[in-house]
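Structural features, examined
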Amino acid sequence: MQNHALARWRTHEKSIGAWLTLSDLYSAEILAQLGFDWVCFDLQHGLMDYSHLTHLLPAVAQARVTPLVRVAANQPDQIGKALDVGAQGVIVPLVNTVEDARKAVAACRYPPAGVRSCGPIRAAMHEGLAYLQTANEQVACVVMIETEEGLRNVEAIAATDGVDGLFVGPMDLCYGLGLAPGSFTDARFQRALGAILAACAKHNRAAGIFGYTPEMAAQSLQAGFDFASAGTDGNFLRAGAAQALGVARGKAAVPNAPPDSGY
Ligand code: 3PY
Ligand code: MG
C-alpha cells in the first residue's frame, strides 16, 4: 500500500483535503476526483457511520486521493474497523495525554509495534498478504489536539513513537481555552497554534488543522501547517448553490441561505 498523503506529510510538502460528512456516493466521488490530496470521512460528527464506509471507500478508490477516516472516539475496535475497510489513516479526536496517543498508535499497528488485530478484509483486497508487510509503515496515525489538556501535553504527544501527525480541532480548542467559539484570531488561540507547530517541528511530525473556511486553510498553510481541510461537502454544496441562486436571480447574495457553521 502506498499512502500518498503520508509521503507528503513526511517530507512536509503541503497538502489540502476535503472533509466528508455526507453518506452520498456521488458527492464523495466528485470531491475525490477534484484534485484534493486527501479526503476525510467524518464518523465523529458526519452524517455517516461505519456501514456507509463500506460503500464510500470503494467509491473513491479509483481516484488518486488518500482516504482517511476520523473515528468517533479513540477506541481500538473503531480504529481497526476503519483501517480494515480501507482507510489509509485515521484522525483520532480528543487525544489529551501521552497514554491516549499511545493507545491510538497501538490500534493502528500490527504486533509487535501495536495491538491491531489482523483482518484487513477490504484493505488487503488488491495486495493480499503483502498488505501486512507495509501496513505499519503506510497507515497514518494522526491525533487531534483540541483541549486545554491536550495542549498542555502537546510536546509529549508529538514525541510519542508512531504518531505521524497532529491535527488541530479549532472549535473544541476554543472551548478548551475558555474562548468564545470561533475566536481564531484571539492571541491565546494563536499562541496555542504556535505551541502545536513548535511541538511538530521539534519531533518532525506533520501539523494539520481543520479549516473552517478555505481562507483559514490557506492562512494555516502559510503559517506553517503541512495540511489543512479546505471545507466540508456540506459547505461546498451550500456555497455553490447559494452562489448559483444569487447569480440566477441577478443578485449577489441569497438572503435566506442557511447559516454556515463550517460544517
Ligand atoms: C473542531 O473544530 O473541534 C473539530 O474537531 C473540527 O472538526
Ligand atoms: Mg473537535
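Look up a bit, the structure's there.
Structural notes, computed from the coordinates.

Thresholds applied
Residues numbered from 1 in each chain as written. Chains lettered and ligands numbered in written order. Predicted model: local features only at pLDDT ≥ 70, side-chain atom pairs only at ≥ 80, totals over all residues. Heavy atoms only, no water. Buried < 20%, exposed > 50% of the residue type's maximum accessible area, 1.4 Å probe, protein only. Helix = DSSP H or I, 4+ residues; strand = E, 2+ residues; numbered from the N terminus. Contact = heavy atoms within 4.5 Å. Donors = N, O, S within 2.8 Å, 3.2 Å for Na, K, Ca; no water. Polar contact = N/O pair within 3.5 Å; in protein donor to acceptor, adjacent residues only side chain to side chain. Near = heavy atom within 4 Å. Areas by Shrake-Rupley, 256 points an atom, 1.4 Å probe, with all protein chains shown as cover. Nonpolar A, V, L, I, M, F, W, Y, C, P; charged D, E, K, R; others polar. Pairing = 2+ DSSP bridges. Right-handed = clockwise from strand over helix to strand, strands pointing away.

On to helix α5 (residues 98-108), then. Looking at α5, one finds that the buried residues are V98, A101, A104, V105, A106, A107 and C108. Of the surrounding secondary structure, the elements contacted by the buried residues of α5 are α4 (76-84), β4 (89-92), α6 (130-138), β5 (140-145) and α8 (154-159).

A few words now on the coordination of the magnesium ion (ligand 2). In this structure, E146 (OE) and D172 (OD) serve as the protein donors to the magnesium ion (ligand 2), at separations of 2.1 Å. Taken together, the residues E146 in the loop between β5 and α7 (148-152) and D172 in helix α9 (residues 170-176) connect sequence positions 26 residues apart.

Let us look at the side chain of R116. Turning to its location among the elements, R116 is positioned in the loop between α5 and α6. Relative accessible area serves as the criterion here: at 4%, R116 is assigned to the buried category. Separated by 2.9 Å, the side chains of R116 and D84 make a polar contact. At 3.0 Å, the side chain of R116 and the side chain of Y131 are in polar contact. When neighbours within four sequence positions are excluded, R116 is seen to be in contact with L83, D84, A106, A107, C108, R109, Y110, P111, Y131, A135 and V139.

Another aspect to go through is the site of ligand 1. Close contacts around ligand 1 come from R70, M144, E146, G169, P170, M171, D172, F210, Y212 and Y263, and that covers them all. Within the backbone of M171, one N or O atom sits 2.7 Å away from an oxygen atom of ligand 1. The separation between an oxygen atom of ligand 1 and a polar side-chain atom of Y263 is 2.3 Å. For ligand 1, whose unbound accessible area comes to 230 Å², protein coverage reaches 98%. Looking at the shell around ligand 1 element by element, the count peaks at three residues for α9. When grouped by side-chain class, the residues that make up the shell around ligand 1 number six nonpolar, one polar and three charged.

Next up on the list: the pairing of strand β6 (residues 165-168). In β6, alternate side chains face the same way, and those of G165 and F167 on one face and L166 and V168 on the other are all buried. Bridge analysis of β5 against β6 gives four bridges, and the strand direction is parallel. Its bridge partner lying in β6, V142 is registered against G165. Looking at chain direction, β6 and strand β7 (residues 206-210) are connected through four bridges and run parallel. Within the sheet, the bridge partner assigned to L166 lies in β7 and is A207.

Turning to the pairing of strand β1 (residues 15-20), a few remarks are in order. Among the six residues that make up β1, five are buried, leaving the element largely enclosed by the rest of the structure. For β1 and strand β8 (residues 227-232), the ladder comprises four bridges, and the chain directions are parallel. Its bridge partner being in β8, G17 is matched across the sheet by S229. Two strands pair when backbone bridges link them, and β1 and strand β2 (residues 38-42) are joined in this way by four bridges, in the parallel orientation. Bridge pairing in β2 links L20 to F41. Assessed by its sense of winding, the connection that carries the chain from β1 through helix α2 (residues 25-33) to β2 is right-handed.

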